[in-house]
Amino acid sequence: MDLDVTPEERRFRDEVRTWLHENAPKEPRPPTEAEARPFDLAWQRAQFDGGWAGVSWPKEYGGRGLSLIQQMIWHEEYAHADAPYIGSCFVGINHAGPTLITRGSDEQKACHLPRILAGEVVWCQGFSEPGAGSDLASLSTRAEIDGDDLVVNGQKIWTSFADVADYQELLVRTNTDGGKHVGITWVIGDMTLPGVEVRPIRTMDGGAEFCEVFYTDVRIPLANVVGEVDDGWSVAMSTLGFERGTAFTARQIAVARSLEKLMTIAKDRPSPSGVGTAFDDDEIAMRLARLRAEVTAMRAMTLAAISRACRSPVPGPEGSMLKIFLADLEVRLRRLGLEILGPDGLVMGTAADWPNAYLRSHASKIGGGTSEIQRNIVGERVLGLPKHR
Ligand SMILES: Cc1cc2nc3c(=O)[nH]c(=O)nc-3n(C[C@H](O)[C@H](O)[C@H](O)COP(=O)(O)OP(=O)(O)OC[C@H]3O[C@@H](n4cnc5c(N)ncnc54)[C@H](O)[C@@H]3O)c2cc1C
């Protein structure tokens with residue numbers, strides 16, 4: 001495998017770097033989702049106007065139609081420029097959009113894709129329920145067909161951005177006759193419909209990123225079904241593949257950059273033994289070096305996954321390996337950050353908010369499928385081990 005970029009890709013990187021340098025917002029993303037929504041949408045709009053929205057989306061849907069390598073270069077430069085987290089645009093850009101491109105009808109694509117790219121709408125993901133997280137196929141939010149509508153009753157939980165979303169990628173049970181993977185339907189839910197109630201959940205880092213969503217006789221047109229009624233499981237698997245796929249690149253690079261910043265902090269802080277700086281401490285130096293080696297390994301794994309993804313339109317289970325690796329690395333990095341900061345690491349909002357980032361890092365082992373579930377996927381689909389029951 002040739003790890004060098006081509007001259008064309010190098011030129012593309014220069015172009016991206018210059019544009020981001022001149023256009024990425026310098027101010028931080030606002031702390032609450034309600035304040036962040038207009039910020040996220042305006043930044044998405046600026047990327048669209050600059051011709052940078054949907055780098056690898058097909059041109060016919062308003063994207064640039066470029067390669068996944070160029071998409072990765074975009075993510076890399078994005079993180080290097082310290083551009084803001086895409087926040088409430090995440091679901092639309094990184095998985096609802098790609099799912100609609102591969103599985104949506106022409107009408108659904110024409111209606112939704114341009115608005116996602118242009119930063120006009122926010123999407124959220126209504127998959128998890130109180131009794132269906134890891135075992136997603138156990139979901140029980142019911143939808144009955146009545147005329148041209150699905151009538152939805154039930155509850156979702158942990159729905160990020162639901163309180164600021166316009167649309168939802170919603171999984172409902174339309175049939176209980178077959179096995180649990182049969183009879184699920186993937187439908188585009190309009191969050192403003194009568195009968196949709198959103199209640200934010202406060203998390204241990206003080207934020208309220210996700211919500212409970214309740215549905216009482218919500219009427220969703222059958223025209224909003226993506227794929228076929230009762231065949232939503234295969235659509236959901238593509239969505240989760242995208243969620244665990246290239247979308248992680250930006251976070252990986254942000255983690256790599258945090259590690260570099262931590263090295264600088266370590267040179268400025270006293271060592272736990274009181275002799276020299278934390279950077280001079282053998283144990284801390286060893287842990288930093290190990291993290292740096294792992295960041296390099298992660299980049300190699302990412303390149304291998306992207307190379308494979310270039311040959312297949314839908315991401316495979318390799319994204320699960322990356323997700324396990326990144327989540328574990330992130331928790332250890334944030335923990336080491338708190339140790340190096342000493343007592344300052346106990347005060348929220350200090351030292352580039354390492355305390356908050358430490359608390360938040362644990363969520364990466366859960367969101368998008370827990371590390372245990374990713375291990376099951378790797379065992380079964382990559383290593384060919386017997387299926388978990
Ligand atoms: C930051 C964040 C954002 C999220 N955003 C969304 C969102 O926008 N939309 C959405 O739908 N959901 C979202 N989620 C929910 C997330 O997908 C679920 O939390 C996750 O799938 C786990 O489900 P659960 O919480 O029900 O845990 P459970 O499934 O109850 O799992 C509990 C524990 O048991 C373990 N476990 C369960 N089954 C197995 C097994 N077969 N083998 C080994 N171990 C097992 C799990 O690993 C876990 O440690 C988000 C979660 C987080 C943390």
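Residues numbered from 1 in each chain as written. Predicted model: local features only at pLDDT ≥ 70, side-chain atom pairs only at ≥ 80, totals over all residues. Heavy atoms only, no water.

**Here's the deal with helix H2 (residues 33-49)**
Then comes step 1: Across its 17 residues, H2 extends 24 Å between first and last C-alpha, which sits within 8% of the 24 Å expected from 1.5 Å per residue.
Then comes step 2: Buried residues of H2: Glu33, Ala36, Phe39, Asp40, Leu41, Trp43, Gln44 and Gln47, and no others.
Then comes step 3: Against helix H1 (7-23), helix H3 (68-80), helix H4 (90-103) and helix H5 (106-117) lie the buried residues of H2.
Then comes step 4: Once H2 finishes, Gly51 follows within two positions and takes phi at roughly 85 degrees, a positive value. (Helix = DSSP H or I, 4+ residues; strand = E, 2+ residues; numbered from the N terminus. Expected span 1.5 Å × (residues − 1). Buried < 20%, exposed > 50% of the residue type's maximum accessible area, 1.4 Å probe, protein only. Contact = heavy atoms within 4.5 Å.)

**Here's the deal with the site of the ligand**
Then comes step 1: Neighbouring the ligand are 19 residues, the closest being Ser128, Ser134, Trp158, Thr370 and Glu372.
Then comes step 2: Between Ser134 and the ligand, the recorded distance is 2.6 Å, taken from a side-chain N or O atom to an oxygen atom.
Then comes step 3: Take Trp158: an N or O atom from its main chain is 3.0 Å from a nitrogen atom of the ligand.
Then comes step 4: Burial of the ligand by the surrounding chains reaches 68%, relative to a free accessible area of 970 Å².
Then comes step 5: Sorting the residues of the shell around the ligand by element identifies strand E3 (149-160) and helix H11 (371-382) as the ones contributing at least two each.
Then comes step 6: The class makeup of the residues in the shell around the ligand is 6 nonpolar, 11 polar and 2 charged. (Near = heavy atom within 4 Å. Polar contact = N/O pair within 3.5 Å; in protein donor to acceptor, adjacent residues only side chain to side chain. Areas by Shrake-Rupley, 256 points an atom, 1.4 Å probe, with all protein chains shown as cover. Nonpolar A, V, L, I, M, F, W, Y, C, P; charged D, E, K, R; others polar.)

**Points about the pattern of salt bridges**
Then comes step 1: Scanning the model with the defined rule gives 30 salt bridges in all.
Then comes step 2: Taking the shortest distance from any N to any O, the salt bridge between Arg29 and Glu33 comes out at 3.1 Å.
Then comes step 3: Ionic contacts of the salt-bridge type, sharing partners, join the residues Arg13, Arg17, Glu76, Glu77 and Arg299 into one network. (Salt bridge = Lys/Arg side-chain N within 4 Å of Asp/Glu carboxyl O.)

**Section: a nonpolar patch on the surface**
Then comes step 1: Together, Val382, Leu383 and Leu385 make up a nonpolar patch on the protein surface, roughly 280 Å² of accessible area in all.
Then comes step 2: For Leu385, the location among the structural elements is in the segment after H11.
Then comes step 3: The class of Leu385 is partly exposed, set by a relative accessible area of 47%. (Patch = residues over 30% accessible without salt bridge, like charges linked within 9 Å, V, L, I, M, F, W, Y side chains within 5 Å.)

**Some thoughts on H4**
Then comes step 1: When the terminal C-alpha atoms of H4 are compared, their 19 Å separation across 14 residues agrees well with the 20 Å that a helix rising 1.5 Å per residue should span.
Then comes step 2: Roughly 35 degrees is the biggest bend found in H4, and it falls at Ala96, with proline Pro98 one to four residues downstream.
Then comes step 3: Counting buried positions over the 14 residues of H4 gives 11, a clear majority of the element.
Then comes step 4: Listed in full, the buried residues belonging to H4 are Val91, Gly92, Ile93, Asn94, His95, Ala96, Gly97, Pro98, Thr99, Leu100 and Ile101. (Bend = angle between axes of the 7 residues up to and from the residue.)

**Digging into the packing of H3 against helix H7 (residues 249-266)**
Then comes step 1: Where H3 meets H7, the closest approach of the two axes is 8 Å, and the angle between their N-to-C directions is 35 degrees. The way H3 lies across H7 gives a crossing that is right-handed. Contacts from Met72, His75, Glu76, Ala79 and His80 of H3 reach H7 at Thr249, Ala250, Ile253, Ala254 and Arg257. (Axes fitted to C-alpha atoms, helices over the stretch in contact; angles between N-to-C directions. Left-handed = near helix turned anticlockwise from the far one by under 90°.)

**Let's talk about the packing of helix H9 (residues 318-341) against H11**
Then comes step 1: Relative orientation of the contacting elements H9 and H11 amounts to 145 degrees, with a least axis distance of 9 Å. Between H9 and H11 the crossing geometry is left-handed. Where H9 abuts H11, its residues Ser320, Met321, Lys323, Ile324 and Ala327 lie against Ser371, Gln374, Arg375, Ile377, Val378 and Val382.

**Some points on the packing of aromatic side chains**
Then comes step 1: Applying the stated criterion to the full structure yields 9 aromatic pairs.
Then comes step 2: Following the ring pairs from residue to residue traces out a cluster consisting of Phe12, Trp19, Trp43, Trp52, Trp74 and Tyr78.
Then comes step 3: Positioned above the aromatic ring of Phe214 is the side chain of Arg199, whose terminal nitrogen or guanidinium carbon lies 4.1 Å from the ring centre.
Then comes step 4: Just above the ring of Phe279 sits the side chain of Lys267; from NZ or CZ to the centre is 4.7 Å. (Phe/Tyr/Trp six-rings, centres within 6.5 Å; stacked < 30°, edge-to-face > 60°. Lys NZ or Arg CZ within 6 Å of the ring centre and 35° of its normal.)

**Regarding unusual backbone geometry**
Of all residues except glycine, most have a negative phi; of all peptide bonds, most are trans.
Then comes step 1: Positive phi is not limited to glycine here, since Asp82 has a value of about 55 degrees.
Then comes step 2: Along the polypeptide, Asp82 turns up in the loop between H3 and H4.
Then comes step 3: If you check the backbone angles, Asp230 has positive phi at about 75 degrees while not being a glycine.
Then comes step 4: Secondary-structure assignment places Asp230 in the loop between strand E8 (225-226) and helix H6 (232-243).
Then comes step 5: Its relative accessible area of 23% is what places Asp230 among the partly exposed residues.

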